[in-house]
Amino acid sequence: MKKLSNFLLVTAAFCLFGLSLAADLNRCNVGMGSLAQTPGAVPIAADRNGLSKLPRLVRNPCLFQINARVVLRELEARLGKKATLDDIPDADIDSFAAAGFDIVYLLGIWKTGEFGLNNARALAREEGVDEKHACALPSAVFDYSVPDALGGDAALARLRARLHRRGIRLMADFVANHVAVDHPWT
């Protein structure tokens, strides 16, 4: 059985909203199948804006959840340089399609505030951990835009286009009460 890339964390291989989990996991062949055999994995033509017109979602779509900060940190270690959303390999995106995933749910992509980052750095020093690994909680959102360190909003748009070309949607969270202490709303 072909495995998905080791650097990606499969934190969820379930149907959106938890509906019909057992029945639809048969459709989400994690690590198995090929692009030619997987429904929804056929490349789709782009519209005039460069985004693909995707077919209507199946009743119980399969979702692949990625913690962007964890994945990019592991990718940085492999590449030996700072990694952004643009550095996520096409081969890994192909593996999502081959596995039958309909949606990639990307976590931890929004800008966080200095308050949370300073607290994380202090905790790292306290625990004897290198401060370069410190980051604010992803739910302590300072601004609903992608930080430059992850490639900015443009990198997110490019990742979305890369997913769309393979028939996969991108989902990101917006939770209005997930704001940092130093967010302008607070």
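Student: How should I be thinking about the confidence of the model for the protein chain in this particular structure?
Tutor: Close inspection of predicted coordinates is inappropriate in any region flagged by low pLDDT. Across the protein chain, pLDDT averages 74, with 72% of residues at or above 70. The secondary-structure element of the protein chain with the lowest mean pLDDT is strand E1 (residues 13-15), recorded at 30, while helix H5 (residues 152-164) shows the highest, at 96. This stretch, residues 1-27, has a pLDDT under 50; its non-local contacts, to residues over four places away or in other chains, come to 62 contacts. Low pLDDT, under 50, characterises residues 29-45; the stretch is placed with 42 contacts to residues that sit more than four places away or in other chains.

Student: So what exactly am I meant to see when it comes to the pairing of strand E3 (residues 103-107) here?
Tutor: Sheet faces and side chains relate simply in a regular strand, where the side chains alternate between the two faces. In terms of burial, E3 is largely enclosed, as 5 of its 5 residues are buried. Both faces of E3 are covered, namely the face carrying Ile-103, Tyr-105 and Leu-107 and the face carrying Val-104 and Leu-106. Note that strand E2 (residues 62-67) and E3 share 5 bridges and pair parallel. Across the sheet, the residue bridging to Asn-67 is Leu-107, located in E3.

Student: What am I meant to see in H5 here?
Tutor: Side chains three or four residues apart in an α-helix point the same way, a direct result of the helix having 3.6 residues per turn. In this model, H5 (13 residues) spans 19 Å end to end at C-alpha, consistent with the 18 Å of a helix rising 1.5 Å per residue. For H5, the full list of buried residues reads Gly-152, Ala-155, Leu-156, Leu-159, Ala-161, Arg-162, Leu-163 and His-164. Buried positions along H5 lie against helix H3 (90-98), E3 and strand E6 (169-172).

Rules used throughout
- Residues numbered from 1 in each chain as written.
- Predicted model: local features only at pLDDT ≥ 70, side-chain atom pairs only at ≥ 80, totals over all residues.
- Heavy atoms only, no water.
- pLDDT = per-residue confidence, 0-100.
- Helix = DSSP H or I, 4+ residues; strand = E, 2+ residues; numbered from the N terminus.
- Contact = heavy atoms within 4.5 Å.
- Buried < 20%, exposed > 50% of the residue type's maximum accessible area, 1.4 Å probe, protein only.
- Pairing = 2+ DSSP bridges.
- Expected span 1.5 Å × (residues − 1).

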